[in-house]
Amino acid sequence: MTLIGQQVTVELKNDLAITGILVSVDQFLNIKLDDIHVVEEQKYPHMMAVKNCFIRGSVVRYVKLPASAVDTALLQDAARREAQQPTVPAPR
């Protein structure tokens, strides 16, 4: 499953939140978005003219995905398997 072409919201460490169509993302969390709009346009009026953007991964606080894109059953199963693994004591 891919999120390319899906609408996502990216919140940056400076509190700017941008919603747009995901074009690409890499292993460094660098993100390209098209058809963007800022969540709080009145706070960032200079961003209203911007239509697409590149976001450097180091400034991303979090990415909000569409609920339909999250496989909760898979996440719950992975969490159960991880919880069942025996813990290894830390070396002294």
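A brief report on the enclosed structure follows. What you are looking at is a predicted structure, and each value in this text was computed from that prediction instead of being measured.

Cut-offs used in this document
Each chain carries its own residue numbering, running from 1 in the direction its sequence is written. Totals for whole chains, interfaces and linings use every residue, but because this is a predicted model, local features are given only for residues with pLDDT of at least 70 and side-chain atom pairs only at 80 or more, for both listing and counting. Note that water and hydrogens are dropped before the side-chain values are worked out from all heavy atoms of the structure. By nonpolar core we mean a set of buried residues, namely Ala, Val, Leu, Ile, Met, Phe, Trp, Tyr and Cys, connected to one another through side-chain atoms within 4.5 Å. The rule is simple: take the accessible area with a 1.4 Å probe, protein chains only, and divide by the maximum for that residue type; under 20% is buried, over 50% is exposed, in between is partly exposed. Secondary structure follows DSSP: runs of H or I at least 4 residues long count as helices, runs of E at least 2 residues long count as strands, and numbering of each begins at the N terminus. In this analysis, two residues are considered to be in contact whenever any of their non-hydrogen atoms come within 4.5 Å of each other. The criterion for strand pairing is that DSSP finds at least two bridges linking the strands in question. A fitted line through C-alpha atoms represents every axis, and for helices the fit uses only the stretch in contact; the resulting angles, taken between N-to-C directions, go from 0 to 180 degrees. Two distance rules govern patches: like charges are joined within 9 Å, and nonpolar side chains (Val, Leu, Ile, Met, Phe, Trp, Tyr) within 5 Å, applied only to residues with over 30% relative accessible area and no salt bridge. We get accessible surface area from the Shrake-Rupley algorithm with a probe of 1.4 Å; when it comes to residues, only the shown protein chains can shield them. Every case where a carboxyl oxygen of Asp or Glu lies within 4 Å of a side-chain nitrogen of Lys or Arg is listed as a salt bridge. Nitrogen and oxygen atoms within 3.5 Å of one another constitute a polar contact, given that in protein one can donate a hydrogen and the other can accept it, and given that sequence-neighbouring residues count only through two side-chain atoms.

## Here we look at the nonpolar core
Ranked by internal contacts, the top residues of the largest apolar core, which has 15 residues, are Val 10, Leu 16, Ile 18, Ile 31, Leu 33, Met 47 and Ile 55. Elements supplying a minimum of two residues to this core: β1 (7-12), β2 (17-25), β3 (31-38) and β4 (52-55).

## Here's the deal with the environment of Met 47
When you line up the elements, Met 47 lands in the loop between β3 and β4. According to the relative accessible area criterion, Met 47 is buried, its value standing at 16%. The sequence separation of Met 47 and Ile 18 amounts to 29 residues, and the corresponding C-alpha distance is 9.6 Å. Those residues within four positions of Met 47 in sequence are excluded, and the remaining contacts are Leu 16, Ile 18, Ile 36 and Val 38.

## Looking at the sheet that holds β4
Strand order in this open sheet of five strands is β4-β3-β2-β1-β5, and the pairing throughout is antiparallel. In this open sheet, the two strands that pair with only one neighbour each are β4 and β5 (60-64). Here the average twist between neighbouring strands, direction ignored, is 40 degrees.

## Describing a nonpolar patch on the surface
Together, Leu 65, Val 70 and Leu 75 line one region of the surface with nonpolar side chains, adding up to about 240 Å² of accessible area. On the secondary structure map, Leu 65 appears in the loop between β5 and α1 (72-84). Exposure remark for Leu 65: the relative accessible area of 37% places this residue in the partly exposed category.

## With respect to the side chain of Asn 30
With respect to the helices and strands, the residue Asn 30 is situated in the loop between β2 and β3. Looking at Asn 30, the relative accessible area reads 16%, which means it is buried. Here Gly 57 takes part through its backbone nitrogen, which lies 2.8 Å from a polar atom of the side chain of Asn 30. Look past the residues within four positions of Asn 30 in its chain and what remains in contact with it is Ser 24, Val 25, Phe 54, Ile 55, Arg 56 and Gly 57.

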